[in-house]
Amino acid sequence: MTILDVFKTRIQEAQRILITTHEYPDADGIGSEISLCLALREYGKEVFCINEEPLLERYKYLDQDDVVHGLKDFQKSNPDFKPDLMIVVDTNTKDRVGSQLGKYIGDKMPVLFIDHHPCRSGDFTTHCIDITSAATGQLVGEMIEHLGVPFNKKIALPIYTAIIIDTSSFRYPTVSASTHRLVSKLMDTGINPPEAYNGIYGTKKVHHMHLLSRILSTAATNEDETIAWMLLRKEDIDKYASDVEDTHAFINNLLVLNNIRVACMFRDDGDHIKMSLRSSGDYDVGLIAQALGGGGHSHSAATILTRGPKETTEQVIARAVKKVEEMIRKFQVV
Ligand SMILES: [Mn+2]
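Here the structure is a predicted model, which means the values were calculated and not measured.

Some details on the domain arrangement of the protein
For step 1, the next point in the chain: When the domains of the protein are assigned, the result is domain 1 (3-201) and domain 2 (206-330).
For step 2, the next point in the chain: Taken together, the contact pairs 13 residues of domain 1 with 13 residues of domain 2.
For step 3, the next point in the chain: Carbon and sulfur atoms make up 47% of the surface buried where domain 1 meets domain 2, a total of about 1100 Å² over both sides.
For step 4, the next point in the chain: Linking domain 1 with domain 2 are two salt bridges, by the criterion used here.
For step 5, the next point in the chain: Salt-bridge contacts for Arg58 lead to Asp243; the nearest nitrogen and oxygen are separated by 3.1 Å.
For step 6, the next point in the chain: Where domain 1 packs against domain 2, one counts seven residue pairs in polar contact (both at pLDDT 80 or more).
For step 7, the next point in the chain: Among the residues forming the side of domain 1 that touches domain 2, the class breakdown is five nonpolar, four polar and four charged.

Dropping the structure here:
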């Protein structure tokens, strides 16, 4: 049974469906849940997207029909909604949906994961998990097609945006011919790249440029420039009145370096240092992140580094970079 058949069967068995995504959702999680919700309503189901928190202002343009609700508001306005299936998109563990939502759904709610992240414990045959997919949005697009629900602009824009975000505008090795085949169908609805790109990226103010210049000035590399990194301090984000959310794409600036193999961005949060990793395509940074206690995709991954007693940020970074250097000698994506 393919994951498309698993999906169709589970949908046909359900009537009232709750869709959610991980806490602090990105545009892949949000875009995927919105498009899936609209398509399943067309298919005749009663569906709501319910997240731990209400949708951030910056994503509201993707939700023209107001299908996404924060849990608290939803419970007030729809106290009688009793879902018989929960679909979780863009993660494959219930632990990541948020503690309040976790309580609301309880332990007994049947769940279906639609995701493209490596899965440690979940069952690939009973859920819709494809780690080769460029974005959860791509999987959702393929599932909507499989149901026979036609795309329209409202369904297409959130999926297209999800794919832009998770491929950093079609630059990662996960982008396949299938990705572009789906995109061609989305564009047939009338959406266009500038509209989609500007909607998600063209939202900044000039202080964002100043923060970016501050972070770019911290760029450093190892001797042969195969590993590059930048340091982002929490106080810089506050000083330039920005959100952590605005800084996620900064790391991609390092990928323009000629010899780059692994790009790293360190975010100093005080006790912990978040380390994000991107691969130029040859090395599996998911494995490197795993060795450092985290995880992720082969091209994009992250981990949290704990500061040792009296260890400075620079020492934590030096330790992590050394580990990356050791590991890129061992792991190579074929
Ligand atoms: Mn994703």
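Let's talk about the coordination of the manganese ion
For step 1, the next point in the chain: Donor atoms from the polypeptide that bind the manganese ion are Asp28 (OD), Asp90 (OD), His116 (NE2) and Asp166 (OD), placed at 2.1 to 2.3 Å.
For step 2, the next point in the chain: For Asp28, a relative accessible area of 0% translates into the label buried.
For step 3, the next point in the chain: For Asp90, a relative accessible area of 1% corresponds to the buried category.

Quick notes on the sheet that holds strand E12 (residues 300-306)
Strand pairing in a sheet relies on backbone hydrogen bonds. The paired strands run either parallel or antiparallel.
For step 1, the next point in the chain: If you trace the six strands from one edge of the open sheet to the other, you get E7-E8-E9-E10-E12-E11, paired in mixed fashion. At either end of the open sheet lies a strand with only one pairing partner, and these are strand E7 (220-221) and strand E11 (295-296).
For step 2, the next point in the chain: With two bridges joining them, E11 and E12 adopt antiparallel strand pairing. Residue pairing in the sheet places Gly295 in a bridge with Ala302 of E12.
For step 3, the next point in the chain: On the sheet, helix H12 (residues 313-330) packs against strand E8 (227-233), strand E9 (262-268), strand E10 (272-279) and E12 and is oriented at approximately 150 degrees with respect to E8.

A few points about the packing of aromatic side chains
The geometry of two aromatic rings is summed up by the distance between their centres and the angle between their planes.
For step 1, the next point in the chain: Under the criterion given, the structure shown has five aromatic pairs.
For step 2, the next point in the chain: Between Phe48 and Phe74, the aromatic rings sit 5.0 Å apart at their centres with planes inclined by 65 degrees, giving edge-to-face as the arrangement. One end of the pair, Phe48, is in strand E2 (residues 46-51); the other, Phe74, is in helix H3 (residues 71-77), and 26 residues separate them in sequence. In this structure, Phe48 and Phe74 share a single accessibility class: buried.
For step 3, the next point in the chain: For the ring pair Phe48 and Phe81, a centre distance of 4.9 Å and an interplane angle of 85 degrees mean the geometry is edge-to-face. In this pair, Phe48 sits in strand E2 while Phe81 sits in the loop between H3 and strand E4 (85-89), placing the two residues 33 residues apart along the sequence. Note on accessibility: Phe48 and Phe81 belong to one class, buried.
For step 4, the next point in the chain: One residue, Arg41, lies across the ring of Phe48, its end atom 5.4 Å from the ring centre.

Brief notes about the pairing of strand E1 (residues 16-21)
For step 1, the next point in the chain: In terms of burial, E1 is largely enclosed, as five of its six residues are buried.
For step 2, the next point in the chain: Examined bridge by bridge, E1 and E2 share four bridges and lie parallel to one another. Its bridge partner lying in E2, Ile17 is registered against Val47.
For step 3, the next point in the chain: On the question of chirality, the crossover connecting E1 to the parallel E2 by way of helix H2 (residues 27-42) is right-handed.
For step 4, the next point in the chain: Pairing of E1 with E4 involves five bridges; the strand directions are parallel. Following the sheet pairing, Ile17 is matched in E4 by Leu85.

Examining unusual backbone geometry
For step 1, the next point in the chain: The backbone of Phe170 shows a phi angle near 65 degrees, a positive value even though the residue is not glycine.
For step 2, the next point in the chain: Within the element layout of this structure, Phe170 appears in the loop between helix H6 (153-166) and helix H7 (177-187).
For step 3, the next point in the chain: With a phi angle near 65 degrees, Lys310 is a residue other than glycine that sits in the positive phi range.
For step 4, the next point in the chain: Secondary-structure assignment places Lys310 in the loop between E12 and H12.

Points about the sheet that holds strand E3 (residues 68-70)
For step 1, the next point in the chain: Pairing is parallel across the open sheet formed by six strands, whose spatial order is E3-E2-E1-E4-E5-E6. Bordering the open sheet on either side are E3 and strand E6 (128-129), each of which pairs with just one other strand.
For step 2, the next point in the chain: Relative to E3, E2 runs parallel, the two being bridged by three bridges. Pairing of Cys49 across the sheet is with Val68, part of E3.
For step 3, the next point in the chain: Along the sheet, helix H5 (residues 136-147) makes contact with E4, strand E5 (111-115) and E6, crossing E5 at roughly 115 degrees.

Conventions used here
- Residues numbered from 1 in each chain as written.
- Predicted model: local features only at pLDDT ≥ 70, side-chain atom pairs only at ≥ 80, totals over all residues.
- Heavy atoms only, no water.
- Domains from an automatic or database assignment.
- Contact = heavy atoms within 4.5 Å.
- Buried area = accessible area lost by both parts, 1.4 Å probe.
- Salt bridge = Lys/Arg side-chain N within 4 Å of Asp/Glu carboxyl O.
- Polar contact = N/O pair within 3.5 Å; in protein donor to acceptor, adjacent residues only side chain to side chain.
- Nonpolar A, V, L, I, M, F, W, Y, C, P; charged D, E, K, R; others polar.
- Donors = N, O, S within 2.8 Å, 3.2 Å for Na, K, Ca; no water.
- Buried < 20%, exposed > 50% of the residue type's maximum accessible area, 1.4 Å probe, protein only.
- Pairing = 2+ DSSP bridges.
- Helix = DSSP H or I, 4+ residues; strand = E, 2+ residues; numbered from the N terminus.
- Axes fitted to C-alpha atoms, helices over the stretch in contact; angles between N-to-C directions.
- Phe/Tyr/Trp six-rings, centres within 6.5 Å; stacked < 30°, edge-to-face > 60°.
- Lys NZ or Arg CZ within 6 Å of the ring centre and 35° of its normal.
- Right-handed = clockwise from strand over helix to strand, strands pointing away.

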